[in-house]
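What follows is the residue order along each chain.
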Amino acid sequence: MVTSFNVPRLVVAAPSSGSGKTTVATGLMAAFSERGLAVSPHKAGPDYIDPGYHALATGRPGRNLDAFMCGPELVPPLFAHAAAGCDLAVVEGVMGLYDGAAGRGELASTAQVAKLLRAPVVLVVDASSQSRSVAALVHGFASFDPQVRLGGVILNKVGSDRHEAMLREALEEAGMPVLGVLRRAPQVAAPSRHLGLVPVAERRADALAAVSALAAQVRAGCDLDALMALARTAPPLSTDAWTPATAPARSPGRRPVIAVAGGAAFTFSYAEHAELLTAAGAEVVTFDPLRDEALPEGTAGLVIGGGFPEVYAPELSANEPLREAVARFAAAGGPVAAECAGLLYLARSLDGKPMCGVLDADARMSERLTLGYREAVAVSDSALAPAGTRLRGHEFHRTVIEPGAGTAPAWGFTHPDRRVEGFVQRGVHASYLHTHWAAEPSVALRFAEAAAARP
């Protein structure tokens with residue numbers, strides 16, 4: 001039976017990337033948390049890095065809401081799962097408000113997520129190079145889709161009191177509330193590199209200071225009471241909360257230890273993956289390939305997700321005991337699920353530095369960014385999925401890998417282009433494709449069962 005779920009909520013969007021969504025969303029999360037509110041943090045789309053800053057701001061796991069990878073129907077249940085018991089939920093959008101999966105209309109756009117959650121939208125506008133034109137811009141975004149409720153604007157990168165007055169006058173004529181004004185403040189900007197912001201795990205002390213500064217900036221420049229009042233206008237949702245326990249249960253028996261790579265080099269993961277593995281009967285233990293010289297005791301399954309191994313290639317290579325342990329585990333047929341960074345770590349080498357040597361392949365950095373949603377079908381039976389399993393995923397990397405001959409591919413991509421990708425050998429499933437297991441919980445169950453079958 002579908003139940004009614006309600007929590008005050010806001011979607012923080014922008015006309016385009018680079019307008020300041022992360023600054024505003026993270027600052028709002030931190031500022032409301034400092035008021036003693038339990039704030040549920042969310043990110044539209046497949047991004048892994050922004051949720052790390054959201055988690056710092058709120059003390060709760062950052063959660064993704066991806067209508068492409070999980071399907072629109074799963075967005076409200078995943079939201080309800082994370083936001084249950086909270087006083088407020090803040091959803092940071094992706095790209096521009098109406099930008100989504102290429103060639104798929106509104107699919108996976110911030111606008112679609114806002115409509116699915118019946119949430120008011122706060123538009124963050126980079127006002128650094130405009131004055132009265134801001135009213136035309138905001139009017140266009142407010143009227144483009146009548147089902148998207150634009151509740152107000154936060155003006156970012158405002159230069160002076162006079163600039164602010166002109167912007168406010170223009171928006172007053174347009175009938176759009178100004179809920180905040182932020183001046184230029186480069187000292188709180190988070191550093192970035194080839195795939196976006198530097199993850200929290202690589203700069204925790206500095207990241208804490210940056211989040212604190214963002215909270216102070218938002219407190220000073222935004223009307224938090226008006227924003228909370230807007231959040232409270234969101235009507236109830238008719239949805240049941242998603243739960244990992246709805247996945248098929250593994251047969252009773254010992255709880256296999258599944259080791260999940262973490263630390264600064266492997267920061268990309270979805271919180272639901274560990275929850276699904278735990279619900280499937282596994283004991284999830286995190287290890288750090290930069291520091292730990294052995295796999296966790298009793299490891300029966302190994303998950304190595306995404307991150308930045310190219311940044312830490314010398315350190316990963318120098319940890320020879322762990323590389324050898326991973327190679328032995330894989331050679332013995334142990335189930336291994338590796339995504340993107342994990343794929344590179346399992347290769348013979350990365351930018352000339354020795355890696356684990358599990359795969360007959362060499363990886364290197366590239367000038368070309370590979371980015372986008374993918375539709376895929378499993379080509380080979382593996383510890384993750386039987387052949388024929390269909391999943392949607394996302395690629396995001398600036399590396400290439402050159403495989404040896406005779407390897408079985410993991411996925412066949414059916415959209416937007418047709419090609420095979422990845423590796424399946426013994427118990428190893430390694431690929432560039434990031435997937436969200438909540439879309440297909442049987443993946444976690446199958447992997448847990450493969451781990452439990454290990455002696």
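Residue numbers restart at each chain and count upward from 1, following the sequence in its written direction. Per-residue local features are limited, in this predicted model, to residues with pLDDT of at least 70; the limit for side-chain atom pairs, both in listing and counting, is 80 or more; totals at the level of whole chains, interfaces and linings are taken over all residues. Calculation of side-chain values draws on the structure's entire complement of heavy atoms; hydrogens and water are dropped beforehand.

**Considerations on the overall build of the protein chain**
Right, so step 1: By definition, any uninterrupted DSSP run of H or I lasting at least four residues is a helix, any uninterrupted run of E lasting at least two residues is a strand, and each is numbered from the N terminus. A count of helical and extended segments in the protein chain gives 13 helices and 24 strands.
Right, so step 2: Relative to the compact-globule value of 23 Å for 455 residues, the protein chain shows a C-alpha radius of gyration of 23 Å, a close match.
Right, so step 3: For the protein chain, the spread of C-alpha atoms along the three principal axes comes to 70 × 50 × 40 Å.
Right, so step 4: The cut-offs for exposure are 20% and 50% of the maximum accessible area for each residue type, with area from a 1.4 Å probe on protein chains only; residues under the lower value are buried, those over the upper are exposed, and the others partly exposed. When each of the 455 residues of the protein chain is scored for burial, the buried share is 57%.
Right, so step 5: A fraction of 76% describes how many contacts in the protein chain between residues 6 or more apart in sequence connect residues 24 or more apart.
Right, so step 6: Exposure was quantified through the Shrake-Rupley algorithm and a 1.4 Å probe, taking into account, for residues, occlusion by the shown protein chains and nothing else. Within the structure as shown, the protein chain displays about 17600 Å² of accessible surface, and the carbon and sulfur contribution to it stands at 52%.
Right, so step 7: His is not counted, nor are the chain ends, whereas Lys and Arg count as positive and Asp and Glu as negative. To locate a charge, the coordinates of NZ of Lys, CZ of Arg, CG of Asp or CD of Glu are taken. Taking the average location of the 40 positive side-chain charges in the protein chain and that of its 45 negative ones, the two points are 2 Å from each other. Throughout, the radius of gyration refers to the C-alpha atoms, and the reference size of a globule is 2.2 Å times the residue count to the power 0.38. Any pair of residues with heavy atoms lying within 4.5 Å of one another is described as a contacting pair.

**Some words on helix 3 (residues 75-83)**
Right, so step 1: For helix 3, a buried count of 8 out of 9 residues is recorded, marking the element as mostly surrounded by other parts of the structure.
Right, so step 2: Restricting attention to buried positions, one finds in helix 3 the residues Val75, Pro76, Pro77, Leu78, Phe79, Ala80, Ala82 and Ala83.
Right, so step 3: Glycine 85 lies just past helix 3 and shows a positive phi near 80°.

**Things to note about the side chain of asparagine 319**
Right, so step 1: If you trace the backbone, asparagine 319 turns up in the loop between helix 10 (313-318) and helix 11 (320-331).
Right, so step 2: Overall, asparagine 319 belongs to the buried group, its relative accessible area being 6%.
Right, so step 3: With sequence-adjacent residues up to four places away left out, asparagine 319 is seen in contact with Pro289, Leu290, Arg291, Asp292 and Glu293.

**Observations regarding the pattern of salt bridges**
Right, so step 1: Only one rule defines a salt bridge in this text: a Lys or Arg side-chain nitrogen within 4 Å of an Asp or Glu carboxyl oxygen. Per the counting criterion, the structure on display carries 22 salt bridges.
Right, so step 2: The closest approach of N and O atoms between aspartate 288 and arginine 291, which form a salt bridge, is 3.6 Å.
Right, so step 3: Since its relative accessible area comes to 70%, arginine 291 is described here as exposed.
Right, so step 4: In this structure, the salt-bridge partner of arginine 419 is aspartate 417, at a minimum N-O distance of 3.2 Å.
Right, so step 5: Arginine 419 sits in the partly exposed class, given a relative accessible area of 29%.
Right, so step 6: Overlapping salt bridges, with partners in common, bring together Asp161, Glu164, Arg168 and Arg183 in one network.

**A short note on the nonpolar core**
Right, so step 1: As used here, the term nonpolar core means buried Ala, Val, Leu, Ile, Met, Phe, Trp, Tyr and Cys residues forming a set that is joined through side-chain atoms within 4.5 Å. In this structure, Phe79, Leu97, Leu117, Val138, Leu155 and Leu227 are the most contacted members of the largest nonpolar core, which totals 116 residues.
Right, so step 2: Leaving out residues up to four positions away in the same chain, phenylalanine 79 has contacts with Phe5, Val7, Arg9, His42, Leu65, Ala89, Val91, Leu117 and Leu237.
Right, so step 3: In terms of nonpolar packing, the next biggest core, distinct from the first, is built from 38 residues, Phe287, Met355, Leu359 and Ile401 among them.

**So, the sheet that holds strand 5 (residues 88-92)**
Right, so step 1: At least two bridges found by DSSP between two strands are what make those strands a pair. Taken in spatial order, the 7 strands make up an open sheet running 4-3-5-2-6-7-8, and their pairing is parallel. The sheet is open, and its two borders are formed by strand 4 (63-65) and strand 8 (178-183), each paired with just one other strand. Strand-to-strand, the axes of this sheet are offset by a mean angle of 25°, without reference to chain direction.
Right, so step 2: Note: strand 2 (residues 9-13) against strand 5, 4 bridges, orientation parallel. Looking at the pairing, valine 12 lines up with glutamate 92 of strand 5.
Right, so step 3: Axis definition: a line fitted to C-alpha atoms, limited for helices to the stretch in contact. Angles are taken between N-to-C directions and run from 0 to 180 degrees. Lying over the sheet, helix 2 (residues 49-58) contacts strand 3 (39-44), strand 4 and strand 5, oriented at roughly 170° with respect to strand 3.

**What to know about the sheet that holds strand 15 (residues 336-339)**
Right, so step 1: Across the sheet, 6 strands lie side by side as 13-12-14-15-23-22; this open sheet has mixed pairing. Each end of this open sheet is capped by a strand with a single partner; those strands are strand 13 (283-287) and strand 22 (423-425). In this sheet, neighbouring strand axes are inclined to one another by 15° on average, regardless of whether the strands run parallel or antiparallel.
Right, so step 2: Of the strand pairs in this sheet, strand 14 (residues 299-304) and strand 15 are connected by 3 bridges, and their pairing is parallel. From the neighbouring strand, isoleucine 304 faces strand 15, where its bridge partner is alanine 338.
Right, so step 3: Against the sheet, helix 11 makes contact with strand 13, strand 14, strand 15 and strand 23 (428-431), and its axis sits at roughly 115° relative to strand 14, the strand it touches most.
Right, so step 4: Helix 13 (residues 442-452) rests against strand 12 (257-261), strand 14 and strand 15 of the sheet, and its axis sits at about 145° to strand 14.

**Re the packing of aromatic side chains**
Right, so step 1: Stacked, tilted and edge-to-face pairs are distinguished by plane angle, under 30 degrees for stacked and over 60 for edge-to-face with tilted covering the rest, among Phe, Tyr and Trp rings (Trp via its six-membered ring) whose centres lie within 6.5 Å. Tallying each qualifying case throughout the model produces 8 aromatic pairs.
Right, so step 2: An angle of 90° between the planes, with centres 6.2 Å apart, marks the rings of phenylalanine 5 and phenylalanine 79 as edge-to-face. Note that phenylalanine 5 is positioned in strand 1 (residues 4-5) and phenylalanine 79 in helix 3, a separation of 74 residues in sequence.
Right, so step 3: What makes phenylalanine 5 buried here is its relative accessible area of 14%.
Right, so step 4: Geometrically, a lysine NZ or arginine CZ counts as sitting over a ring once it is within 6 Å of the ring centre and also within 35 degrees of the ring normal. Lying over the aromatic face of phenylalanine 68, arginine 392 brings its terminal NZ or CZ to 4.4 Å of the ring centre.

**What about the side chain of serine 382?**
Right, so step 1: In this structure, serine 382 sits in the loop between strand 18 (361-378) and strand 19 (390-403).
Right, so step 2: A residue is classified by how much of its surface remains accessible, and serine 382, at 8% relative accessible area, is buried.
Right, so step 3: Here the side chain of serine 382 touches leucine 384 through a polar contact of 3.1 Å, landing on its backbone nitrogen. For this analysis, a polar contact is any N or O atom pair within 3.5 Å, provided that within protein one partner can donate a hydrogen and the other can accept it, and provided that sequence-adjacent residues contribute only side-chain to side-chain pairs.

**Overview of unusual backbone geometry**
Right, so step 1: Phi at methionine 95 takes a positive value of approximately 50°, unusual for a residue other than glycine.
Right, so step 2: By secondary structure assignment, the location of methionine 95 is in the loop between strand 5 and helix 4 (110-117).
Right, so step 3: The residue cysteine 340 is not glycine, and still its phi comes out positive at about 55°.
Right, so step 4: Residue placement: cysteine 340 occurs in the loop between strand 15 and helix 12 (341-346).
Right, so step 5: Overall, cysteine 340 belongs to the buried group, its relative accessible area being 6%.

**Details of the pairing of strand 20 (residues 411-415)**
Right, so step 1: Across 4 bridges, strand 18 lies against strand 20 in antiparallel orientation. Bridge pairing in strand 20 links alanine 376 to phenylalanine 413.
Right, so step 2: Both strand 20 and strand 21 (residues 419-421) contribute to a ladder of 3 bridges, which runs antiparallel. By the bridge assignment for strand 21, phenylalanine 413 is matched with arginine 419.
Right, so step 3: Counting the residues in the hairpin turn of strand 20 and strand 21 gives 3 residues.

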